[in-house]
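Okay, here's what each chain looks like letter by letter:
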Amino acid sequence: MSITTLGQFIIEKQKDFPFAKGELSRLLRDIGIAAKIISREVNKAGLTQILGDHGSVNVQGEDVKKLDIIGNETFIWALTKGGEVCAMASEENDEIIPLDGVYSKSGKYVVCIDPLDGSSNIDVNVSIGTIFSIYRRISEPGTDVTEKDVLQAGNRLVASGYVVYGTSTMLVYSTGKGVNGFTLDPSIGEFCLSHPDIKTPKTGKIYSTNEGNAGEYSEGLKNYLAWVKETNKEEGRPYSARYIGSMVADFHRNLLKGGVFIYPPTAKAPNGKLRLMFECIPMAFLTEQAGGKATLGNGFRVLDVEPEKLHQRVPIVMGSSEMVDKVEEFMKA
Ligand code: AHM
Ligand code: MG
């Protein structure tokens, strides 16, 4: 048989890190397990009353949990059991979450997650995703973990990835040696390598932004949006607008097909909407690993931003390198 499961791939790739003791491999395996559980919950969500708002009670009298809470709890459970992680930070929690597993205090790693990104799409059966990133802790293993362990720039990232719950469930990740994608085969319950060594095209025909906000965009960006529709016809045809409103799904499509994703500052969100730690850094890392670019829209690399707050937001322009350059050219002008 010629399939490679995620578990087999992780073990094979451990060779790339000669001093590795297997902790990161085990951690990645635990993330794979959490992803499978969340995928199962997402797939049956409409049948088991876990769509919609948290706070209601189901027919059995049990609390109905929102999918993003299930996602959060699943990660906390999987990473606590694993023992490689001393703390987690989640888009769902204001503060970092020290993990209280038997081995957690001496765990070398911290993990940031957005357990269910694109939440507005949950109730309408449109793709959503999970985003994760892994850092080596700064404090001594065995001591109390602090927010500083989590607030690290993306250029110190050990690994990041996402799971997209789409027409099939896929897990895509990188440990800094390229990007690989795995599709969940429900018949055997395994993620199987389906997209080895993903490289994003240098250019493409897709732009992804919430154009409903365009009235609040900078003049430069408005001009870019006019150019993609009109002037750009010189290049053959206008670009296609594609915006799902689930960053993971928008990102995944653009990664494979080529495109640019833009979430700039708006009046409502003067620093942009997307969170540095939970959304922008992990995706920027994957973009760069696939040969693309991710900036704040002014040439500054997302991975070089020194985080100040856990839930800090930043503007982002990311995707095919030539397309990012073009957006920046307009934004500078
Ligand atoms: P969420 O973390 O609350 O789900 O919000 C993040 C999502 C991203 O997935 C998506 O790119 C963006 O919000 C869409 O925002 P908007 O509706 O403002 O375009
Ligand atoms: Mg999110």
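The structure we're discussing is the one just above.
Residues numbered from 1 in each chain as written. Chains lettered and ligands numbered in written order. Predicted model: local features only at pLDDT ≥ 70, side-chain atom pairs only at ≥ 80, totals over all residues. Heavy atoms only, no water.

**Topic: the site of ligand 1**
Our working rule: A molecule or strand has a residue near it when one of that residue's heavy atoms lies within 4 Å. Any pair of N or O atoms that falls within 3.5 Å is considered a polar contact. Within protein, one atom must be able to donate a hydrogen and the other to accept it, and sequence-neighbouring residues count only if both atoms are side-chain atoms. All accessibility values rest on the Shrake-Rupley procedure with a 1.4 Å probe; residue burial counts only the protein chains present in the view. Using a grid of 1 Å spacing that covers the protein atoms alone, one calls a set of points a cavity when a 1.4 Å probe fits there but cannot get out, and a pocket when the set is open and has protein on both sides within 12 Å along at least five of seven lines; lining residues are those with an atom within 4 Å of a point. Occupancy of a cavity or pocket is assigned to a molecule whenever over half of its atoms lie within 2 Å of that pocket's grid points.
Close to ligand 1 lie 15 residues, the nearest being D117, G118, Y243, M247 and Y263. In this structure, N210 approaches ligand 1 through a side-chain N or O atom, which is 2.8 Å from an oxygen atom. Protein coverage of the free-state accessible area of ligand 1, which is 470 Å², stands at 82%. When atoms are counted within 2 Å of each cavity's grid points, the one that captures over half of ligand 1 is the largest pocket.

**What about the environment of P282?**
Going by this rule: Going along the chain from the N terminus, every DSSP run of H or I of four or more residues is numbered as a helix, and every run of E of two or more is numbered as a strand. A contact between two residues is defined here by any heavy atoms of the two lying within 4.5 Å.
Among the secondary structure elements, P282 is positioned in helix α7 (residues 276-289). Separated by 20 residues in sequence, P282 and V302 have C-alpha atoms that sit 9.7 Å apart. In this view, P282 contacts I131, F132, S133, L157, S160, L276 and M277; residues no more than four positions away in its chain are not counted.

**Some details on the coordination of the magnesium ion (ligand 2)**
Stated formally: As a rule, N, O and S atoms within 2.8 Å of a metal are its donors, except that Na, K and Ca use 3.2 Å; water is not among the atoms, so sites may look incomplete. With a 1.4 Å probe rolled over the protein chains alone, any residue whose accessible area is under 20% of its type maximum counts as buried; one over 50% counts as exposed, and the rest are partly exposed.
Bound to the magnesium ion (ligand 2) are the protein donor atoms E91 (OE), D114 (OD), D117 (OD) and E279 (OE), situated 2.0 to 2.6 Å from the metal. Within one chain, the residues donating to the magnesium ion (ligand 2) are spaced in sequence as E-x22-D-x2-D-x161-E. Residues D114 and D117 agree in their burial class; the two are buried.

**Re the layout of surface pockets**
Basically, it comes down to this: Grid points are joined across faces, edges and corners, and a volume is the space filled by probe spheres set on the points.
The calculated volume of the largest pocket comes to roughly 390 Å³. Together, 21 residues line the largest pocket, and D117, G118, G245, K273 and L274 are the ones closest to its centre. For the lining of the largest pocket, the elements supplying multiple residues, two or more each, are β3 (109-117) and β11 (260-263). No other element matches β3, which puts three residues into the lining of the largest pocket.

**Details of the side chain of S240**
Take S240: it is sitting in strand β10 (residues 240-241). Discounting residues that sit within four places of it in the chain, S240 has contacts with K205, I206 and Y207.

**Topic: the sheet that holds strand β13 (residues 316-319)**
The cut-off we apply is this: Any two strands between which DSSP finds at least two bridges are classified as paired. Interaxial angles span 0 to 180 degrees and are taken between N-to-C directions of axes, which are lines fitted to C-alpha atoms, for helices over the stretch in contact.
The sheet built from five strands is open, its strands ordered β10-β9-β11-β13-β12 with mixed pairing. Because the sheet does not close on itself, it has two edges, and the strands there are β10 and β12 (293-295). The pairing of β12 with β13 spans three bridges and is classified as antiparallel. Residue pairing in the sheet places K293 in a bridge with G319 of β13. Each of β9 (206-208) and β11 is contacted by helix α5 (residues 219-229), which is oriented at about 145 degrees to β9, the strand it contacts most. In the packing of α7 onto the sheet, contacts are made with β12 and β13, and the angle to β13 comes to roughly 30 degrees.

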